[in-house]
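Notes for the structure review
Now for the letters of each chain:
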Amino acid sequence: MCQVEEEYHEQLERVDTPSASKKCVKCKEELAAVVIRAGDAYCRKCFRESFIHKFRAMLGKTRVIFPGEKVLLAVSGGPSSCSMLSQVQEGVSQNAHKKLRFFPGIVYIDEGGALGQCKEMRQKTTSELCDMFRSTGFPFYILPLEQVLDLPGSVLTPSPPSDQPGSVYKAAVDLFLQSGDSSSDGKAEEQECVSLPAVQESHTRLLQQLIGSAQTLTAKQDLLNTFRQHLLVHTARTRGYSKLMQGDSCTRLAVKLLTSISLGRGAQLAQDTGFSDCRYGDVTVVRPMREYSAKEIAYYNHMFKVPSVVIPNLDTKMPDKASIQRLTQNFVTKLQADFHSTVSTIYRTGEKLQTAGRDSSAAEDAKRCVLCVCGLDTAAEEASALQATLISEQLSQSSVKPEPPASVGQCCSSERPCGGAEGTGDCCRSSRDHEATDLRSLLCYSCRRTVRDMSSVDCLPQYVLSVAQRRQNRSAMKEQISEFLLDDADENN
Amino acid sequence: MAAPVAVHLEFGGGAELLFDGVKEHHVTLPSQSEPWDMKQLLVWIQRNLLKERPELFVQGDTVRPGILVLINDADWELMGELDYQLLDQDNIVFISTLHGG
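All values derive from a computational prediction rather than experimental measurement.

1. Let's talk about the pattern of salt bridges
A complete count under the given rule lists 25 salt bridges over all chains for this structure. Note that B:E52 is salt-bridged to A:K317, the shortest N-O span being 2.9 Å. Of this pair, B:E52 sits in the loop between α1 (38-48) and β3 (58-59) while A:K317 sits in the loop between α10 (294-303) and α11 (324-338), which puts the two residues in different chains. Classification of B:E52 as partly exposed rests on a relative accessible area of 30%.

Here it is, written out as structure tokens:
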């Protein structure tokens, strides 16, 4: 008790450092083998159980994946996505407790072309992954990133979701159970065993030009991510998959959250880092690995022999400050080393973000960014920060950048023929400027920054340019006939 | 004089890219008067095995944040981190968690 002449004879409390003789906090019997978060030490068995349970709980509590649905797993070969693959494999297997009831497929996008890898290297990696996928028994697709150049423009337009909804999750489960467990038919699907489709040199060169046209590594990574996502969504659509699973871990999402804010993607944070992302309409992107920290995944993969392949990417072996993404990753990782709750705090904050509800309706695609398909956030109102940025940009532009020789083709692409004679340098250049600036009006703020970094907008794939063109034409046409259009307000007279 | 210590090192998760792509190394640490501990092992690795970009593996005294270290399949945080004293035939694994996803 507190007294005046008290003396403390006991030792002061010391920091409790975990020691080798520490017992698992869950079963309290076995010796602990791994420390998760701050001070929670688990033994191997309990760790494995909690790892597997977390995956099922994540899918179960969000109730987004309906039984009998086709789900495409986007596997990059890295630890998180391979871990996700092994979890799904285990969950779908016959003898699992509370079997997962969807039909998975696997897709791998080979980005070697964009990174300048040689053909042998790409072939080697692909065949390694091919073997890994084949052993799972699921249908798999291996696509080179070069295919993104041939995508149709429809990938940028959100389609309405197929008739899924309306049915409450529980009702769907009951219906599925009643109709008999037909999951054994899932495996009868022919495994599409494809070796890497032959890639034309010209396509690889175009792709390299596209990535190379961005001056900074930040913009390059952003572009690569965007186009990879487009190809994934297109694959899911054309093969009949309604869900796309991506293996972003908690650490990675925390880094992505901070990076997105730095890149100006604050308005799209909820979709970029949330569990489900509905911006494409019929294909929903889900992220079931978002509660696993990178350490847990690495430990699990090592202990339980989950195969994964190390594939270098754009920022491998780059210095710390090479790109915003890399810098943020270093920052978060270093902070996490000293303060073990960093990643989970960032993650929990991110969990609370929600979209304003705009994108759930099939919004007119005129209001969507042409690159990232999120809602446009660039209504520059009076006295907003965006307007101030635009004004200062205009003021600081002292000279026009010298344009590369204009191609004589696209001069009179808009409805109104341009004032000057065709083919003269001036006319083409001004309309080229006109086009470049107009593309920006179709992009959200961060995509604008990325495109601004590119030396030439023409390097963008054809589908992006043609969709942009079409939207510009549409809005120009709408302007022309706007006085003849009936407003909703008029109709209510 | 302590006997030379033979340890089995493994690098994974992308860390092997700094070691010429070689994932497994059997090394024998020369004998010295005090027992080997992790701190000295890191210095030894940096001097003898690391082929390029030391700052991507080691930071100051310890490993770079983001690299998971397992000693005999247990987290090194449970074994005392840098102060752990190496025993013969120990298995040390360095996994980079920064690469890939």
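2. What about unusual backbone geometry?
Residue and element names in this part refer to chain B. With a phi angle near 65°, D73 is a residue other than glycine that sits in the positive phi range. In this structure, D73 sits in the loop between β5 (67-71) and β6 (74-75). Positive phi, normally seen in glycine, also occurs at E81, with a value near 50°. Of note, E81 is situated in the loop between β6 and β7 (90-96). Exposure remark for E81: the relative accessible area of 32% places this residue in the partly exposed category.

3. Considering the interface of chain A and chain B
Counting residues at the interface gives 37 residues for chain A, matched by 27 residues for chain B. Summed over both partners, the interface of chain A with chain B buries about 2,500 Å², with 59% contributed by carbon and sulfur atoms. Our enumeration of links across chain A and chain B arrives at twelve residue pairs in polar contact (both at pLDDT 80 or more). Of all the elements in the fold, those that place two or more residues in the side of chain A that touches chain B are β1 (34-36), α2 (79-92), α10 and α11 of chain A. Residues belonging to the side of chain A that touches chain B are distributed by class as follows: 18 nonpolar, twelve polar and seven charged.

4. Brief notes about the confidence of the model for chain A
Close reading of the predicted structure is inappropriate where its pLDDT is low. Residues and elements named next belong to chain A. Summing up the model confidence of chain A, the mean pLDDT is 79 and the portion of residues at 70 or higher is 78%. Of the regions scoring below 50 in pLDDT, residues 182-190 engages in eight contacts with residues more than four places distant in sequence or in other chains. Note on residues 399-432: pLDDT under 50 across the span, and 30 contacts to partners over four residues away in sequence or across chains.

5. A word on the sheet that holds strand β8 (residues 284-286) of chain A
As a general point, the strands of a sheet are linked pairwise by backbone hydrogen bonds and lie either parallel or antiparallel. All names here are of chain A. What the six strands build is an open sheet, ordered β5-β4-β3-β6-β8-β7; its pairing is mixed. Whereas interior strands pair on both sides, the edge strands pair on one side only; in this sheet they are β5 (140-144) and β7 (276-277). Bridge count between β7 and β8: two bridges; the pairing is antiparallel. Within β8, the residue paired with S276 across the bridge is V286. In this fold α2 packs onto β3 (70-74), β4 (103-110) and β6 (243-246), with an angle of close to 150° to the strand it touches most, β3. Those strands touched by helix α4 (residues 119-134) are β4 and β5, and its axis lies near 165° from that of β5.

6. A few points about the packing of aromatic side chains
Residue and element names in this part refer to chain A. The tally for this structure, following the rule as stated, stands at 13 aromatic pairs over all chains. Taking 4.3 Å as the distance between ring centres and 40° as the angle between the ring planes, the aromatic pair formed by F51 and Y292 counts as tilted. Pair noted here: F51 is in helix α1 (residues 44-62) and Y292 is in the loop between β8 and α10, with a separation of 241 residues, a long-range link. Look at F51 and you get buried, because its relative accessible area is 0%. Taking the centre distance of 5.7 Å and the plane angle of 55° together, the rings of F133 and F140 count as tilted. For the pair F133 and F140, one class covers both residues: buried. One aromatic cluster in this structure is built from F47, F51, Y292, Y299, Y300 and F304. The ring of F304 has R48 sitting right over it, with the charged end atom 4.6 Å from the ring centre.

7. Here we look at the packing of helix α8 (residues 250-263) of chain A against helix α12 (residues 342-351) of chain A
Residues and elements named next belong to chain A. At their nearest, the axes of α8 and α12 sit 9 Å apart, and the two run at 65° to each other. Relative to α12, α8 is oriented roughly perpendicular. Here α8 runs over α12; the crossing is left-handed. Residues C250, T251, A254, L257 and L258 of α8 touch α12, and the partners they reach there are V343, I346, Y347 and G350. Partitioned by chemical class, the residues of the contact of α8 with α12 number seven nonpolar, two polar and no charged.

8. Concerning a nonpolar patch on the surface
Residue and element names in this part refer to chain A. A contiguous nonpolar surface patch, about 400 Å² in accessible area, is contributed by M477, I481, F484 and L485. With respect to the helices and strands, F484 occurs in the loop between α16 (462-480) and α17 (488-491). Accessibility expressed as a relative area gives 65% for F484, which makes it exposed.

9. Let's talk about the domain arrangement of chain A
Residue and element names in this part refer to chain A. Split by domain assignment, chain A resolves into domain 1 (18-51) and domain 2 (64-162 + 192-352). Placing the centre of domain 1 and that of domain 2 at their C-alpha centroids yields a distance of 30 Å. With ten residues of domain 1 in contact, the opposing surface of domain 2 contributes twelve residues. For the domain 1 face of the interface with domain 2, the top three residues by lost area are F47, R48 and F51, together amounting to 57%. Taken together, the connections running from domain 1 to domain 2 amount to one salt bridge. In this structure, R48 and E90 form a salt bridge, with 3.8 Å as the shortest nitrogen-oxygen distance. On inspection of domain 1 and its partner domain 2, the count reaches two residue pairs in polar contact (both at pLDDT 80 or more).

Calculation rules
- Residues numbered from 1 in each chain as written.
- Chains lettered and ligands numbered in written order.
- Predicted model: local features only at pLDDT ≥ 70, side-chain atom pairs only at ≥ 80, totals over all residues.
- Heavy atoms only, no water.
- Salt bridge = Lys/Arg side-chain N within 4 Å of Asp/Glu carboxyl O.
- Helix = DSSP H or I, 4+ residues; strand = E, 2+ residues; numbered from the N terminus.
- Buried < 20%, exposed > 50% of the residue type's maximum accessible area, 1.4 Å probe, protein only.
- Contact = heavy atoms within 4.5 Å.
- Buried area = accessible area lost by both parts, 1.4 Å probe.
- Polar contact = N/O pair within 3.5 Å; in protein donor to acceptor, adjacent residues only side chain to side chain.
- Nonpolar A, V, L, I, M, F, W, Y, C, P; charged D, E, K, R; others polar.
- pLDDT = per-residue confidence, 0-100.
- Pairing = 2+ DSSP bridges.
- Axes fitted to C-alpha atoms, helices over the stretch in contact; angles between N-to-C directions.
- Phe/Tyr/Trp six-rings, centres within 6.5 Å; stacked < 30°, edge-to-face > 60°.
- Lys NZ or Arg CZ within 6 Å of the ring centre and 35° of its normal.
- Parallel < 35°, antiparallel > 145°, perpendicular 65-115°, else oblique.
- Left-handed = near helix turned anticlockwise from the far one by under 90°.
- Patch = residues over 30% accessible without salt bridge, like charges linked within 9 Å, V, L, I, M, F, W, Y side chains within 5 Å.
- Areas by Shrake-Rupley, 256 points an atom, 1.4 Å probe, with all protein chains shown as cover.
- Domains from an automatic or database assignment.

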